[in-house]
Structures are given as C-alpha cells and as structure tokens.
Amino acid sequence: MPTEAAQSMGIVRRYHVPLCRAYEVIVEDLRLSNSIANKVLMLQLAVKAVNDTASPNGLVPTLLVFGAYPRLSSILVSLFLSVSSIG
C-alpha cells in the first residue's frame, strides 16, 4: 500500500499547475502527433521551461542547482527538429 508524505504534498501541488500549463502551451504550439516519443519530448520541454522560470521570490531552480542554464543535449535538439519538421 503506497503512502504519501504530508510534507511533500504541497510541493507536488505547487509544481503541478505550472507544469500542466507549460505542457498545454507546448502541445498547442507544436501540434505533434500523439505518439509516446512526442509526449515524452513535450514533457521534457515543459519541465525545462518550468525549471528555467523564476519563482515569485526571484529564484530560478536551474541556476540554484547548476549555477548556469544547462543546454539541451544535441540528441534531444535533433529529435525535436526532426519531429517538428514532420508535423
């Protein structure tokens, strides 16, 4: 039987709304097919977008962890370009 830690529930709820909104915007903008690969790609882009966005107190999670904005891997970029050129 899975249990949920009470202290982590707020974090999940706070992160869920911006992540869903970012995913919806990316899905609307790209209009790709509903294959699993496309959904995974769009979810990766949405998570990166949310992590690269400043919070209300001005902190950027990506900068806090890495000290800089990591670049997308060349494999992910080439996959994105090939998928977007098809659709």
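Since this is a predicted model, take the numbers as computed values, not measurements.

*Asks:* Summarise helix α2 (residues 36–51); cite the residues concerned and give the values.
*Replies:* Across its 16 residues, α2 extends 22 Å between first and last C-alpha, which sits within 8% of the 22 Å expected from 1.5 Å per residue. The complete set of buried residues in α2 reads Asn-38, Leu-41, Met-42, Leu-45, Ala-46 and Val-50. Considered in projection along α2, the buried side chains sweep an arc of 170° and stay on one side of the axis.

*Asks:* Kindly report on the pattern of salt bridges, identifying the contributing residues and their values.
*Replies:* Within the structure shown, the criterion is met by two salt bridges. Among the salt bridges present, the one from Asp-52 reaches Lys-48, with a minimum N-O distance of 2.8 Å. Relative accessible area serves as the criterion here: at 23%, Asp-52 is assigned to the partly exposed category. By relative accessible area, which is 23% here, Lys-48 ends up partly exposed.

Definitions and limits used
Residues numbered from 1 in each chain as written. Predicted model: local features only at pLDDT ≥ 70, side-chain atom pairs only at ≥ 80, totals over all residues. Heavy atoms only, no water. Helix = DSSP H or I, 4+ residues; strand = E, 2+ residues; numbered from the N terminus. Expected span 1.5 Å × (residues − 1). Buried < 20%, exposed > 50% of the residue type's maximum accessible area, 1.4 Å probe, protein only. Arc of directions from axis to C-beta. Salt bridge = Lys/Arg side-chain N within 4 Å of Asp/Glu carboxyl O.

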